[in-house]
Number of protein chains: 4
Amino acid sequence: PRTYMNQARPALDISGIFPPIATPFNDRERVDYDRLAENLRKYSRTPLRGFVVQGSNGEYAYLSREERVEVVRKVREVVPKEKILIAGSGCESTQATVEMTLEMAKAGAEAVLVVTPCYYKGSMNSSALVHHYTKVADASPVPVILYSVPGNTGLDLPVDAVVSLAQHPNIIGIKDSGGDITRVGLIIHKTRHLGFQVLSGSAGFLLAGYSVGAVGGVCALANVLGPQLCELERLCVNGQWQEARELQYRLIEPNAAVTRRFGIPGLKQAMEWFGYHGGYCRSPLLPLTEHERKDLRKVFTDNAWL
Amino acid sequence: PRTYMNQARPALDISGIFPPIATPFNDRERVDYDRLAENLRKYSRTPLRGFVVQGSNGEYAYLSREERVEVVRKVREVVPKEKILIAGSGCESTQATVEMTLEMAKAGAEAVLVVTPCYYKGSMNSSALVHHYTKVADASPVPVILYSVPGNTGLDLPVDAVVSLAQHPNIIGIKDSGGDITRVGLIIHKTRHLGFQVLSGSAGFLLAGYSVGAVGGVCALANVLGPQLCELERLCVNGQWQEARELQYRLIEPNAAVTRRFGIPGLKQAMEWFGYHGGYCRSPLLPLTEHERKDLRKVFTDNAWL
Amino acid sequence: PRTYMNQARPALDISGIFPPIATPFNDRERVDYDRLAENLRKYSRTPLRGFVVQGSNGEYAYLSREERVEVVRKVREVVPKEKILIAGSGCESTQATVEMTLEMAKAGAEAVLVVTPCYYKGSMNSSALVHHYTKVADASPVPVILYSVPGNTGLDLPVDAVVSLAQHPNIIGIKDSGGDITRVGLIIHKTRHLGFQVLSGSAGFLLAGYSVGAVGGVCALANVLGPQLCELERLCVNGQWQEARELQYRLIEPNAAVTRRFGIPGLKQAMEWFGYHGGYCRSPLLPLTEHERKDLRKVFTDNAWL
Amino acid sequence: PRTYMNQARPALDISGIFPPIATPFNDRERVDYDRLAENLRKYSRTPLRGFVVQGSNGEYAYLSREERVEVVRKVREVVPKEKILIAGSGCESTQATVEMTLEMAKAGAEAVLVVTPCYYKGSMNSSALVHHYTKVADASPVPVILYSVPGNTGLDLPVDAVVSLAQHPNIIGIKDSGGDITRVGLIIHKTRHLGFQVLSGSAGFLLAGYSVGAVGGVCALANVLGPQLCELERLCVNGQWQEARELQYRLIEPNAAVTRRFGIPGLKQAMEWFGYHGGYCRSPLLPLTEHERKDLRKVFTDNAWL
């Protein structure tokens, strides 16, 4: 817990496990708010620390500006107060990101997660990114969390930019989905004196993240195996590394299956098997083929989850 | 020129040179429609075949939906009828792309250029992309041009997808910015019997593109050296390869400078030197540093353009 | 043809088509010198300009130092004097490359082709590579040709290094296999006043290479379709671009099949179909599976070569 | 500890820290055996488990076949019996690797480390690599350790190939230098029932490696800070994760500096500062510039090692 340099209140503690929640669509590709609410009610009965609404797995890139805000508003209504709500507010331009950030805060987000702009990736050097995030953090009424997800953006937020941005009183942490544990360790080394908090961006390296000082994780797989990830968290925090390792092992392949390998369609399919509503994806994401569905299921049975 | 399979009218002939026009902003990052119009009036007095509004160089990723349409409408008002107006209508979701396509057509676009959706690049395989483009082309009142720009999207539209899509009566060509001339040749080999038209997406390989059968180019550098690119086109089309080569050589470094090396800020700076309004960029794009400006200028003087 | 700056004799003219010849092995993975000789006698009756012995396709990485020299010696015995013999003499260390270069010259090579050292690729910056090639060229009794083949080495010889090395009186050209035609054009632009000669390193962009000023090609496919590549050369040199294009189109897929797609095992299989001895590969290269062989054959039949 | 399936003796336990020792050259680029011996005598007085001779940091790619064997022989003479000697015996061809493996065993190596062949990387799929390693392991009189180092080879040994090879009774482990901790965890998950041992290939993720079940590390930095890495090992093995973390943090930047950032020249320079003989590199590796030397030193002082 750190204090804002120019404010008396402490910054938000974001330790713990957060699912970047999926957005269920109906068969006409409309947001299915009822099923979304049902999912959240179930999730809320588990030790999940809170929710990331519109991380990459929320198909935020396929939502209109209005839908993005509306989804956050609806989630806030359903979710108990003690669960932290983090909203993805990243857009390509700085101005659009600032506006979205303001709207997300108004809709009930307690922090925003801001993905690196990436379309003009050749120009997105440290200077440009520091400038971008500084403007957003200056304007944001809620704390800002950086978000580096090279698998989607083709861009790693450079370590020197992270270290520089960690000094901003309104930038409290980063979700790092790249999986480079050396980089994660280095970021922690260079920023922990500032109270900067690092969240592992994937369940595949959650234990390793804790081992080097990450405080939690934002993991797609938490949409499917939330309580199990919370148990892994508990084991890591308690120093029960042997048990943690046994659990971590069984999560690697399911995690890869619902992310890199089968993407959001895979995630949504797996959610159905575990009692949640995955629902349809928006096009151009295609549903799994029968063959892919079998492969996906095998990953969960092979690791004794089904 | 080919005929639609199920229609009597011929598809649009898109041979020639098109600048993907830059969008000048004022110092408050608002679109400067007056300066945009001035640029277009000047361009219109050259042999440029037409204009691509909201290719990557138009900073379309930083425009709101409303701005995207408004820019096209304004351009259509200014530009003489004989100049072809192609509008970028790509969005991440299929539905948003369809809607933007309809609006662009209404705003006066004679064809749309549709970039590959790319945020969920791990899922953007041939099936997903063929599905996406087919839906868009089915719905579009104007011909559709595919757009593959791996430097921005991290994604190459696969050759097999291009070949498959070339058979759609409303998909008339591709802008390929990847620079892999072997791929360009292969696409032409596999699609020319369908009248499919390939445009080189960069001035760096414009001559080479013509040599393997491309019909033109959409080149950022045409914002700066439009008449010169038209002259290169003329030489290639007339088979004056020796002269073409001399001209091509001098364009490679300036082209790299206003694209990969210094990006849109470099392009806009160079435009100012050649009598056009570059204007400001939207943040997070930063203006060139003094040092970069000097390096950029040196590229143009070294190649005897300044 | 250029003259050495400090010598009276002209440098070697290397325009034309060269196969980087395959090395046939017998079923015990020994070099089959008889079959190699037979291949070369056949090739020598075609307009091929000469031969590259121990380009990547010669499996040079699998030959001992002694075998590398012996193969060159045997080839020189078989091949008529008017055919130019270029030997690959690249090794990882500068000293080993110098020694191999001396031996290759003694064995009858009229020039050496020197691949970029690549194992410590993180340290192979322009300085290191310029230093390496300068040492080799200083020591070599025969002209040196640079060799950039990123598909194998993971390393592109930087343009600035090429431009710098082109000024060395004993460095006469480059084989560039990367396929980036913009880069090829730029290298020619910056070095042609020195008489530096660029060879396309693959048949897939042979026409495009000629269009921007390359003087020939070193093409794996010339092991299979040598006379056809010479015909393509003739058409390009004569300015019969239309006919050249028709021929080029049909070569792209066969070329990809015997290089990137099926590698040397594919090349050797195709050689057998066209009357040459491909023979076995050395392990760990595996022979094609039955299924791969069918796919390979289909590529040649689809393009009307079989 | 596991038992060979078809032999009574236990396989080699390779847990612990191993430096992949540097090879000091004199100013004429000859191997400086005396200084090498001096280094090893010093190292031998520390808790290092043993030595890897001719990992990538040994500049093995720059040694002749004879030198490779001779260096191993000399090291074996100097090093006490209780220190394990692992020799790099990888070559591009299977046959050469088998021969080098036999010679290394004769020269005193207790195990061999076999890097993935990589020049024909397009053909190095799982089948080819499984075939290669199986042949080598079948022939080897000593246990074989797989070696995946994508930073040098441009190739990751696929997980499925590792899992398959782990079943060979003479393949006892892998050195994985890629740094993908999720992959490391997965390999351990899939092979630990076979007694397969995973070594982290870099000090940057040594703690994280231990956290997911790696048994040790082969770390360039152990040439410089050997005792400190052994201390990190001790802390991890004892479950003193908090102290381990503090130590790990301070090692990340020095490790990056002597590997990715400044390469072997950086490693050798740092060795000089810590009382070892780094000596010269073989060309084309260049010595550090004065500026680089300062930057390197700063990394060690910033992390309180100097």
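Values in this document were obtained by computation on a predicted structure and should not be read as measured data. (Residues numbered from 1 in each chain as written. Chains lettered and ligands numbered in written order. Predicted model: local features only at pLDDT ≥ 70, side-chain atom pairs only at ≥ 80, totals over all residues. Heavy atoms only, no water.)

1. Overview of the side chain of K121 of chain D
Alright, step 1. Topologically, K121 of chain D is positioned in the loop between β5 (111–115) and α4 (126–139).
Alright, step 2. A polar contact is formed between the side chain of K121 of chain D and the backbone oxygen of N152 of chain C, at a distance of 2.3 Å.
Alright, step 3. When residues no more than four places from it in sequence are discounted, the contact partners of K121 of chain D are G151, N152, T153 and G154 of chain C together with T153, G154 and L155 of chain D. (Helix = DSSP H or I, 4+ residues; strand = E, 2+ residues; numbered from the N terminus. Polar contact = N/O pair within 3.5 Å; in protein donor to acceptor, adjacent residues only side chain to side chain. Contact = heavy atoms within 4.5 Å.)

2. Concerning the interface of chain D and chain A
Put simply, an interface is often sized by how much accessible area is lost when its parts join up.
Alright, step 1. In this assembly, 25 residues from chain D lie in contact with 25 residues from chain A.
Alright, step 2. Here chain D meets chain A over a buried area of about 2,100 Å², counting both sides, of which 58% is carbon and sulfur.
Alright, step 3. Close ionic contact of E246 of chain A with R192 of chain D constitutes a salt bridge, the shortest N to O distance being 2.8 Å.
Alright, step 4. Of all the elements in the fold, those that place two or more residues in the side of chain D that touches chain A are α7 (181–191), α8 (206–211) and α10 (241–261) of chain D.
Alright, step 5. Taken together, the residues of the side of chain D that touches chain A break down into 11 nonpolar, eight polar and six charged. (Buried area = accessible area lost by both parts, 1.4 Å probe. Salt bridge = Lys/Arg side-chain N within 4 Å of Asp/Glu carboxyl O. Nonpolar A, V, L, I, M, F, W, Y, C, P; charged D, E, K, R; others polar.)

3. A word on the interface of chain C and chain D
Alright, step 1. In this complex, chain C contributes 32 residues to the contact, which on the side of chain D involves 33 residues.
Alright, step 2. Taken together, both faces of the contact between chain C and chain D bury some 2,700 Å²; the carbon and sulfur share is 60%.
Alright, step 3. Considering only the surface of chain C that becomes buried against chain D, Y119, Y120 and P284 of chain C emerge as the three largest contributors, covering 28% of it.
Alright, step 4. Across the contact surface, chain C and chain D share zero salt bridges.
Alright, step 5. The interface formed by chain C and chain D holds 16 residue pairs in polar contact (both at pLDDT 80 or more) in total.
Alright, step 6. Secondary-structure elements contributing two or more residues to the side of chain C that touches chain D are α4 (126–139), α5 (150–153) and α11 (263–273) of chain C.
Alright, step 7. Here the element with the most residues in the side of chain C that touches chain D is α4 of chain C; it accounts for four residues.

4. Comments concerning the relation of the copies chain D and chain A
Alright, step 1. Turning chain D through 180 degrees and shifting it by 0.0 Å along the axis lays it on chain A, with an RMSD of 0.0 Å. Between the two chains, the operation in question is that of a two-fold axis. Of the C-alpha atoms belonging to chain D, the one lying closest to the rotation axis is found on A208 of chain D, 2.6 Å away.
Alright, step 2. Taken together, the interface assignments show that 100% of the residues at the interface of chain D recur at the interface of chain A, consistent with an identical surface on both copies. (Least-squares fit on C-alpha atoms with pLDDT ≥ 70 in both.)

5. Re the pattern of salt bridges
Residue and element names in this part refer to chain A.
Alright, step 1. Tallied over the full model, the rule gives 60 salt bridges over all chains.
Alright, step 2. For E99, the salt bridge is made with R65, and the minimal N-O distance between the two is 3.7 Å. Placement of E99 in helix α3 (residues 94–106) and of R65 in helix α2 (residues 65–78) is noted, with a sequence separation of 34 residues between them.
Alright, step 3. Judged by its relative accessible area of 32%, R65 falls in the partly exposed class.
Alright, step 4. Within this structure, E70, R73 and K74 form a network of salt bridges that share partners. (Buried < 20%, exposed > 50% of the residue type's maximum accessible area, 1.4 Å probe, protein only.)

6. A few points about the packing of aromatic side chains
Describing an aromatic ring pair means giving the distance of the ring centres and the angle of the ring planes.
Alright, step 1. The full count for this structure, using the stated rule, is 30 aromatic pairs over all chains.
Alright, step 2. With 5.2 Å between their ring centres and 65 degrees between their planes, Y120 of chain A and Y62 of chain B make a pair best called edge-to-face. Here Y120 of chain A is found in the loop between β5 (111–115) and α4 (126–139), whereas its partner Y62 of chain B is found in the loop between β3 (50–53) and α2 (65–78) on a different chain. In this pair, the class of Y120 of chain A matches that of Y62 of chain B, namely buried.
Alright, step 3. The interplanar angle of 70 degrees and the centroid separation of 5.3 Å between the aromatic rings of Y119 of chain C and Y60 of chain D together place this pair among those described as edge-to-face. Taken together, the residues span two chains, with Y119 of chain C in the loop between β5 (111–115) and α4 and Y60 of chain D in the loop between β3 (50–53) and α2 (65–78). Y60 of chain D carries the same exposure label as Y119 of chain C, and that label is buried.
Alright, step 4. What links up through ring pairs into an aromatic cluster is the set Y60 and Y62 of chain A together with Y119 and Y120 of chain B.
Alright, step 5. Sitting over the face of the ring of Y33 of chain B, K74 of chain B holds its NZ or CZ atom 4.1 Å from the ring centroid.
Alright, step 6. Here the basic side chain of R297 of chain B rests over the ring of W273 of chain B, its NZ or CZ set 4.8 Å away from the ring centre. (Phe/Tyr/Trp six-rings, centres within 6.5 Å; stacked < 30°, edge-to-face > 60°. Lys NZ or Arg CZ within 6 Å of the ring centre and 35° of its normal.)

That is the geometry; function is a separate question.
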